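Residue-level structural notes
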Amino acid sequence: MTTPVAQRPFVLSTPAAPVERHGNVDLHLPTDAGPAPAVVVVHGAPLPPDAPDPRDWLLYRG
């Protein structure tokens, strides 16, 4: 049996970092001062009502 996508780990080990949640937006802000790139991730799929929030999937948290 395969692991559900919501429980699959990210492909690389990443350090824990703070996340600011504002409504439907999560901000993963850099800890260093200075310019940093911006990345926008959209899960892009309609999900069944009982599915966990994609923002909490390990795949996206990494």
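In this text, all values refer to a predicted model and were calculated from it rather than measured experimentally. (Residues numbered from 1 in each chain as written. Predicted model: local features only at pLDDT ≥ 70, side-chain atom pairs only at ≥ 80, totals over all residues. Heavy atoms only, no water.)

**Details of the pattern of salt bridges**
Counted under the stated rule, the structure contains four salt bridges. With its nearest N and O atoms 2.7 Å apart, the salt bridge here joins arginine 21 to aspartate 56. Remark: aspartate 56 occurs in the loop between strand E2 (25-27) and helix H1 (58-61) and arginine 21 occurs in strand E1 (residues 20-22); sequence separation between them is 35 residues. Aspartate 56 gets classed as partly exposed once you look at its relative accessible area, which sits at 42%. (Salt bridge = Lys/Arg side-chain N within 4 Å of Asp/Glu carboxyl O. Helix = DSSP H or I, 4+ residues; strand = E, 2+ residues; numbered from the N terminus. Buried < 20%, exposed > 50% of the residue type's maximum accessible area, 1.4 Å probe, protein only.)

**So, the environment of proline 52**
In this fold, proline 52 is placed in the loop between E2 and H1. Owing to a relative accessible area of 44%, proline 52 belongs among the partly exposed residues under this scheme. For the pair proline 52 and aspartate 26, spaced 26 residues apart in the sequence, the C-alpha separation amounts to 15 Å. If near-sequence neighbours (up to four positions away) are discounted, proline 52 is found in contact with Ala6, Leu47 and Trp57. (Contact = heavy atoms within 4.5 Å.)

**Some points on a nonpolar patch on the surface**
A contiguous nonpolar patch, built from Val5, Phe10, Val11, Leu12 and Leu59 and spanning about 450 Å² of accessible area, is present on the exposed surface. One can find leucine 12 in the segment before E1. For leucine 12, a relative accessible area of 57% translates into the label exposed. (Patch = residues over 30% accessible without salt bridge, like charges linked within 9 Å, V, L, I, M, F, W, Y side chains within 5 Å. Areas by Shrake-Rupley, 256 points an atom, 1.4 Å probe, with all protein chains shown as cover.)

Just distances and angles here, no functional claims.
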